[in-house]
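Notes for the structure review
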Amino acid sequence: MTERRFAEVSRESVRLMAEGAGVELGDDVAALLAEDVCYRLREATQSSSQFMRHAKRRKLTVEDFNRALRWSNVEAICGYGAQDALPFRSVKEGELFFVEDRDVNLVELALATNIPKGCAETMVRVNVSYLDGKGNLEPQGTVPTAVQSLSDDLLKYYQQITRAILGEDPHLMKVALLDLQSNSKIAALLPYFVYVISGVKSVSHDLEQLNRLMHMVKSLVQNPYLYLGSYVRSLVSSVMYCILEPLAASINPLNDHWTLRDYAALLLSHIFWTHGDLVSGLYHQILLSLQKVLSDPVRPLCSHYGAVVGLHALGWKAVERVLFPHLPAYWANLQAVLDDYSVSNAQVKADGHKVYGAILVAVERLLKMKALSLSQSAEGQSGAHPGSVVGAVSYRVNSPGLSPPPEPLSEAALGIASHLQVGGAGCHWEEWTPVPLPAMYCELYSFFGDSLAVRFSTGTGFGTHSPCTPSQLGDSRKEPPGPASNLDTTRKMPQLTANLNISPRQDGSPRTDPPPPSLSGPGSRSRSSSSCSRQRSAGLSREVFPKARFTSPQTTPPAFSFLIGGRQMGQRCQGRRPFQTMFATTPPVSAIPPRTYAHKLPVIGRVGKPVRRWTCSHYSLHLPL
Amino acid sequence: MAAVQGGMGDADIKTDIKTEPSADGFGNNNANDGRVLSASPGSSSSTGSNKQTAAVTPEDQQTLLAVLQFLKKNKLSESVEILRREAGLPENSLDPKANESAGAGSGGAAGIVDLEGGDASSLLSRVTGSSSAGAQAPTKAAVAEDQPDVSVVLSAYSQQGDPTLYKVYYRDLKKFIETVLDCHRAELSQVFYPLFVHMYLELVYNNHESEAKAFFEKFSGDQECYYEEDLRILSGLTKKEHMRGNETLLDFRTSKFVLRISRDSYQLLKRHLQERQNNQIWNIIQEHLYIDIFDGMPRSKSQIDAMSGSLAGEAKREANKTKVYYGLLKEPEIELPLDDEDEEAENEEGKPKKKKPKKDSVGSKSKKQDPNAPSQNRIPLPELKDSDKLDKIMYMKEATKRIRLGPDNLPSVCFYTFLNAYQGLTAVDLTDDSSLIAGGFADSTVRVWSVTPKKLRKVKSAADLNLIDKESDDVLERIMDEKTASESKIMYGHSGPVYGISFSPDRNYLLSSSEDGTVRLWSLLTFTCLVAYKGHNYPVWDTQFSPYGYYFVSGGHDRVARLWATDHYQPLRIFSGHLADITCTRFHPNSNYVATGSSDRTIRLWDVLSGNCVRIFTGHKGPIHSLAFSPNGKFLASGATDGRVLLWDIGHGLMVGELKGHTDTIYSLRFSRDGEILASGSMDNTVRLWDAMKAFDDLETDDFTAATGHIHLQDNSQELLLGTYTTKSTPVIHLHFTRRNLLLAAGAFNP
């Protein structure tokens, strides 16, 4: 009896209300009424909860209660339907509580100029959730911007992270970057971070900040829980800004903006290979803008440098497509800079050397990779490793009609793919036709001279592999200019002869034949360009030859299939590392043995079905040859 | 069958057994007997339900007698004559015995409107399910007024002992039960709750208010925690006047609380009560309890707990003995030729396919008649239209691309979030092909969105339709008004929150049920309302189309579910028997059965043909808010406010699994297309996936279990839980598997 399970309306309240209505109530009547009122209220509350449950809500609303009243033939209570909480006031004298009910000035309301906006339209939006291995207990998906409101925790996180990254403490920055890279709950913050990063343009004078922002990009890109979606475009444009723009910071020659450009270029390639599939046509857009910068003589050399490293980072195909055709035109300008020994030109000349070094590194890899890819395709076709990695790669190499796939290893395919898009992509590409490797070498040799040749003689792995490829080119394609240029190359590069003995199969290649008269344009062009340099190279080859012989036994042909993957992955680092620190002419040494990369080849398995089918048809086309 | 035994309780138990079936079939009889599924859709005119009109069973007769008795009492002699003539009863059939059963029968019809008419104090008092028993036109009016007087119902409480002794009696029984052997204690403890409630109500009825309060306070703590909700309602009831019009009380009073007790335990109890001369309790047991006695081992506490919790105790074993044809109907064979054509078309596109042999095998499989399936025309079903056939072909094609789900191959979830749904999203449905999504809102609107790039278009106006070339091949395209194309359409018509929504299988219609007591049929070609089905006079909580279209079921606050046909403005069947609101309704995949979940915490399965209740499933501890049939029709899953999913074997009428994990009401359940995975969506903002294959495979289906209905549930929820998807403050109120087994979920963002 003493315990009160429910709120109760006391008999005093009932009597007061009766008095308010002008009725005098006896004590017993009031008590009975009070009890009955309580019971009816409870009953109505219970039935109103049913309306709440069916409305799939947790909160009982006034409307629910009114419905319950209406269904029990009781008049609904009006005036309490507002969504906001009603202020409940107490009067000090006497225990009286009441809901505050302010007067509303209707005239003012009606004549108000600020017309309230209606609610946003009800709509349906989709997001996808998936399970990871352990069962996903975290909320997923981004809350659409329409209703986006960051929770306090997220906001705090955002502030802490940005402060740490852009602040002074390098240790704090490292921690922040690491968290940014691994945090799975920051999807909602992505737009904010992207916005911060897009601020590169406003801090172009501050190399340090730029660097930090680039690191931030890297962390975001590497975070496996983030779906970058269309934000990739924004990130790429920020990165491109760092690669290509003259940057206020570069006015001071003491500022090492070169490293920033290198890093940004590396980042660009990383974004592209991992997230390039999110935005269609990204590859072309990047390539076009790089080309534009490169072909613009008004731009400062550091921009050109950026374009070159950018192309280099995008892979040898990009170099072949954009840099190589531009080289003759560009060379003249560069040559002029380099040949100017005046004091006033010293700074520019130093920059020119940087560009020179960058181009050299780029073309070096171009030659190596091209040679490698040719040897791969040859092996793939010869069926030496039918199910191996080589096979898969070479299939992709051969497959036309393939849009740039996201796999890092499909580098090789891209050139051909973009070639196919020539029609649609724009006039810039139309004049481009693949130049056979020997012709390319000759042309490049005409620019770089021995500094190019030197780099080939000392590479650990490639010195042995690349030379044998031209013969396979002849094997597989049998293009008329092939043998002709082959001969030229073999004469220039003595390594070839040394390695030809490795595989007896290649001995029957037409390379041993006397050069037939060249039939096609490219062939003759390459020959003419190479003929002038023949004398010089002959002299060089004698010096180089012994070095090559030392390195050749290190290679193990059976491991070849793994080597390709490893090479390409490793190659990027290998190319960049000496490049980043200084542009010495010392040959690039593969610091990391290629085999350590061999396990990083998951991409091979991701070859889509349509690709296979294409390769098959393409392959069959090639068979009769 | 409850065993009859010697001793003092025998006679009473016998009468129980005898009268119970009639009470059980009560509501259905007036509405369904002598009626066929009057509408045979399309041109298929052969109704398989003719035999219904014949053979009035003894129970029916008793009910009729009860009705006659009532009519006579109210001096409606004309109606008496008509009814007697129609039913073919002899003049002298109104004997006292019939009178007796009238009390039970009409009391069960779950209606209490004061004879004085319109007592405002009877909150949410309901009409009986018989108000629209249209076919029996002459008697209809009379039957509709067949409302039992509450005083009749309650009069059973008038017998009273010394109010001060109630406590003693109860305590005495409690002491006894606590001292019996462990194996019996659990079983006998079941008696506590109904006994407690009835004793309390007796005290209240006889105006012993303070004794009642004291009694309640002393013993309410002993009751099982899952009765908490009912106890709270009970505790508010302290006056005889309040008993009038209190639903909970009436539910309790009008239906006997069913207990299952082993023979040994029962005898123990009986002996004790006899020894003590404890007539008060014994009377209550006789009057208000139905004890279902079985031979064999007493059940354990966990076994009892698994099955109890409903408003009226467990289901009688008899209630679940009827044969249920749970198999699937044979698919029509029109697919094959058309499909071949289609494949040829694909071949022309240059896609070599070797699917033909596989297709054939699929076809032959469906040709085999499932032994558990009902006959093809048990329920007349609409004939397939050409568009339906095309859709079937689409379905087959999609099905070949379906991903086989399993523990190692879980589906991704596509979540449709309703944004800016400030008005309150109350119901969602998706078409089978996942092309349209519809939402019912608390502001009475129904909104339809297209979730494919195809926009929603209306049909042109009549004037414009006259202008188009009706002979052209693309006439179906030409009738659409391109100007009206939009991503979503809003449909106005209801005057209360829309609680249930369902697309027709052919995507031409949409059903919505609302608080305003109507079910509306909307055309998705014109986006207008076609029909408002009025029958439920109270909020309609749920509605669903039959998987074959044409029929639909609705259930609501008036405690009856109704079966409708779209072209009839009155219901074809009225399923009455639930003791509280029907909260959700589902059609069996073969369209021959309807499952309803209710606030009385039971699930009932109704035969569409006869209108009878063929299964009662008890075990939930809260109102049931979601139901799902497995695609093979064998199993039923149910989810309730208690956050548990229970799995039921329809054929055996057994509970076969319990899935614990959710922390709030489960508003949606769905099996994957092949039935391997059960997805449950809840108010706790999660979607959980359960290994349905394993849950059903691990069944122990030995004869004993099947015969006694005693299940041993292993607590393997954690093993069966395959995954949990968490949303961002979005309660999951609908789930749907696409034809390729991608899981779609929907809910409104709730900041």
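Each value, and the rule that gives it
The residue count restarts for each chain, going from 1 along the sequence in the order it is written. To label them, take the chains in the order written and letter them from A, then take the ligands in the order written and number them from 1. Reporting in this predicted model follows two pLDDT cut-offs: at least 70 for local features of residues, and 80 or more for side-chain atom pairs to be given and counted; totals over whole chains, interfaces and linings ignore these cut-offs and use all residues. For side-chain calculations, the full set of non-hydrogen atoms in the structure is used, while hydrogens and water are omitted. Helix numbers and strand numbers start at the N terminus; a helix is a DSSP run of H or I with at least 4 residues, a strand a run of E with at least 2. Burial status follows relative accessibility: with a 1.4 Å probe on protein chains alone, a residue under 20% of its type maximum counts as buried, one over 50% as exposed, and anything between as partly exposed. By definition, residues are in contact when any of their heavy atoms lie within 4.5 Å. Note on areas: these come from Shrake-Rupley sampling with a 1.4 Å probe, and a residue is covered only by the protein chains present in the view. Salt bridges, as used here, are contacts in which a Lys or Arg side-chain nitrogen is within 4 Å of a carboxyl oxygen on Asp or Glu. Think of a patch as exposed residues, more than 30% relative accessible area, with no salt bridge, where like charges cluster within 9 Å and nonpolar side chains (Val, Leu, Ile, Met, Phe, Trp, Tyr) cluster within 5 Å. Angles run from 0 to 180 degrees between N-to-C directions of axes, and those axes are lines fitted to C-alpha atoms, restricted for helices to the stretch in contact. Throughout, the term roughly parallel applies to angles under 35 degrees, roughly antiparallel to angles over 145, roughly perpendicular to angles from 65 to 115, and oblique to all others. By the definition used in this description, the sense in which the near helix is turned from the far one sets the handedness, with an anticlockwise turn below a right angle giving left-handed and a clockwise turn giving right-handed. Each residue receives one of three labels: charged for Asp, Glu, Lys and Arg, nonpolar for Ala, Val, Leu, Ile, Met, Phe, Trp, Tyr, Cys and Pro, and polar for the others, Gly being one of them. Between any two strands, pairing holds if DSSP finds at least two bridges. Identification of polar contacts relies on pairs of N or O atoms within 3.5 Å, with a donor-acceptor requirement for protein atoms, meaning one able to donate a hydrogen and the other able to accept it, and with residues adjacent in sequence counted only if both atoms are side-chain atoms. A quick way to say it: buried area is the sum, across both parts, of accessible area lost when two parts are put together, with a 1.4 Å probe. Here a Phe, Tyr or Trp ring, Trp counted by its six-membered ring, pairs with any other such ring whose centre lies within 6.5 Å, and the pair is stacked when the planes are under 30 degrees apart, edge-to-face when over 60, and tilted otherwise. When the NZ atom of lysine or the CZ atom of arginine is within 6 Å of a ring's centre and also within 35 degrees of its normal, the charge is said to sit over that ring. Confidence of the prediction at every residue is given by pLDDT, a number between 0 and 100. Here, expected helix span is obtained from the residue count minus one, scaled by 1.5 Å.

In terms of regular secondary structure, chain A is built from 27 helices and three strands. Put simply, chain A has 625 residues, and 49% of those count as buried. For chain A, restricting intrachain contacts to residue pairs at least 6 apart in sequence, the fraction spanning at least 24 positions comes to 70%.

It is worth spelling out the overall build of chain B at this point. Of the regular secondary structure elements, chain B holds 25 helices and 31 strands. In chain B, buried positions account for 59% of the 751 residues. In chain B, once contacts between residues fewer than 6 apart in sequence are set aside, the share between residues at least 24 apart is 63%. Entry remark: accessible area of chain B is about 29400 Å², with carbon and sulfur atoms responsible for 51%.

Going through the model one piece at a time under the given rule, you end up with 44 salt bridges over all chains. For Asp27(A), the salt bridge identified is with Arg15(A), shortest N-O distance 2.4 Å. Linking Asp27(A) in helix α2 (residues 27-54) with Arg15(A) in helix α1 (residues 11-20), this pair joins segments that are twelve residues apart in sequence. Residue classification places Asp27(A) among the partly exposed residues on the basis of a relative accessible area of 44%. For the salt bridge of Arg212(A) with Glu208(A), the shortest nitrogen-to-oxygen distance reads 3.1 Å. Taken together, the residues Arg212(A) and Glu208(A), both in helix α8 (residues 207-222) and four residues apart, mark about one turn of the helix. In this structure Arg212(A) comes out as buried when scored by relative accessible area, which is 6%. Residue classification places Glu208(A) among the partly exposed positions, given a relative accessible area of 45%. What you see here is one network of salt bridges that share partners, running through Asp391(B), Asp432(B), Asp433(B), Arg507(B), Arg673(B) and Arg739(B).

Now for a nonpolar patch on the surface. A contiguous nonpolar patch, built from Val62(A), Ile77(A), Tyr80(A) and Leu86(A) and spanning about 320 Å² of accessible area, is present on the exposed surface. With a relative accessible area of 42%, Ile77(A) lands in the partly exposed category.

This next bit is on the packing of helix α9 (residues 231-244) of chain A against helix α11 (residues 282-294) of chain A. Residues and elements named next belong to chain A. At a closest axis distance of 12 Å, the pairing of α9 and α11 adopts a crossing angle of 20 degrees. As summarised for this structure, α9 and α11 are arranged roughly parallel, according to the angle between their axes. Relative to α11, the crossing made by α9 is right-handed. Contacts between α9 and α11 pair Val232, Arg233, Val236, Met240 and Leu244 from the former with Leu282, Gln285, Ile286, Ser289, Leu290 and Val293 from the latter. Along the lines of polarity and charge, the residues of the contact of α9 with α11 split into eight nonpolar, two polar and one charged.

Quick look at the pairing of strand β3 (residues 413-419) of chain B now. The side chains of a regular strand alternate between both faces of the sheet. All names here are of chain B. Within β3, seven of the seven residues are buried, which leaves it mostly tucked inside the rest of the structure. Here β3 shows no split at all, with Val413, Phe415, Thr417 and Leu419 on one side and Cys414, Tyr416 and Phe418 on the other all buried. Two strands pair when backbone bridges link them, and β3 and strand β31 (residues 743-748) are joined in this way by six bridges, in the parallel orientation. Counted as the bridge partner of Val413 is Leu743 from β31.

Take the side chain of Glu202(B) next. All names here are of chain B. Relative to the helices and strands, Glu202 resides in helix α10 (residues 192-205). Given the relative accessible area of 0%, Glu202 is considered buried. At 2.4 Å, the side chain of Glu202 and the side chain of Tyr166 are in polar contact.

What follows covers the sheet that holds strand β20 (residues 602-607) of chain B. Residues and elements named next belong to chain B. Read from one edge to the other, the open sheet built from four strands follows the order β18-β19-β20-β21, with strand pairing classed as antiparallel. Bordering the open sheet on either side are β18 (582-587) and β21 (613-618), each of which pairs with just one other strand. Between one strand and the next, the sheet's axes are offset by a mean angle of 20 degrees, whatever the strand orientation. Bridge analysis of β18 against strand β19 (residues 593-598) gives five bridges, and the strand direction is antiparallel. Looking at the pairing, Arg586 lines up with Ala595 of β19.

This part covers the interface of chain A and chain B. Opposite the 51 residues of chain A that make contact, chain B presents 70 residues. The contact between chain A and chain B buries some 5300 Å² in all, and 56% of this surface belongs to carbon and sulfur atoms. The largest share of the area that chain A buries against chain B comes from His54(A), Lys56(A) and Trp71(A), three residues that together contribute 15% of it. The tally of links between chain A and chain B comes to three salt bridges. Between the two partners, chain A and chain B, sit 13 residue pairs in polar contact (both at pLDDT 80 or more). Ranked by the residues each element gives to the side of chain A that touches chain B, the list is headed by α2(A), at 14 residues. Class assignment of the residues belonging to the side of chain A that touches chain B gives a composition of 23 nonpolar, twelve polar and 16 charged.

What follows is about the sheet that holds strand β17 (residues 573-576) of chain B. Residue and element names in this part refer to chain B. In spatial order, the strands read β14-β15-β16-β17; together these four strands make up an open sheet with antiparallel pairing. Edge positions in the sheet fall to β14 (540-545) and β17, since each of these pairs with one other strand and no more. Along the sheet, successive strands turn relative to each other by an average axial angle of 20 degrees, direction set aside. Direction of pairing for β14 relative to strand β15 (residues 551-556): antiparallel, over a ladder of five bridges. Among the inter-strand pairings, Gln544 is bridged to a residue of β15, identified as Val553.

With that settled, consider unusual backbone geometry. All names here are of chain B. Of note, the phi angle at Ser434 is positive, near 60 degrees, even though the residue is not glycine. Its location among the elements puts Ser434 in the loop between β4 (425-430) and β5 (436-441). Despite not being glycine, Arg559 shows a phi value in the positive range, around 70 degrees. When you line up the elements, Arg559 lands in the loop between β15 and β16 (560-565). A relative accessible area of 4% means that Arg559 is categorised as buried.

All names here are of chain B. Using the criterion set out here, one finds 33 aromatic pairs over all chains in the structure. Between Phe418 and Phe441 the ring centres are 6.2 Å apart and the planes differ by 65 degrees, which places this aromatic pair in the edge-to-face class. Taken together, the residues span a long stretch of sequence, with Phe418 in strand β3 and Phe441 in strand β5 at a distance of 23 residues. Phe441 carries the same exposure label as Phe418, and that label is buried. Joined through ring pairs, the aromatic side chains of Tyr170, Phe192, Phe196, Tyr200, Phe215, Phe216 and Phe219 make up one cluster. The positively charged end of Lys316 is found above the aromatic ring belonging to Tyr290, 4.9 Å away from the centroid.

Take the confidence of the model for chain A next. Residue and element names in this part refer to chain A. For chain A, the mean per-residue pLDDT works out to 65, and 58% of the residues sit at or above 70. In this model residues 382-430 is a low-confidence stretch, pLDDT under 50, and it forms 99 contacts with partners more than four residues away in sequence or in other chains. Contacts for the low-pLDDT stretch residues 458-625, under 50 throughout, to residues beyond four places or in other chains number 215 contacts.

A few words on helix α20 (residues 386-400) of chain B. With 15 residues, α20(B) extends 21 Å from end C-alpha to end C-alpha; this agrees with the ideal 21 Å at 1.5 Å per step. Of the residues making up α20(B), those classed as buried are Asp388(B), Asp391(B), Ile393(B) and Glu398(B).

Next up on the list: the confidence of the model for chain B. Residues and elements named next belong to chain B. Residues with a pLDDT of 70 or more make up 75% of chain B, whose mean pLDDT is 77. This stretch, residues 1-56, has a pLDDT under 50; its non-local contacts, to residues over four places away or in other chains, come to 122 contacts. The low-confidence segment residues 337-366 (pLDDT under 50) makes 22 contacts with residues lying over four places distant or belonging to another chain.

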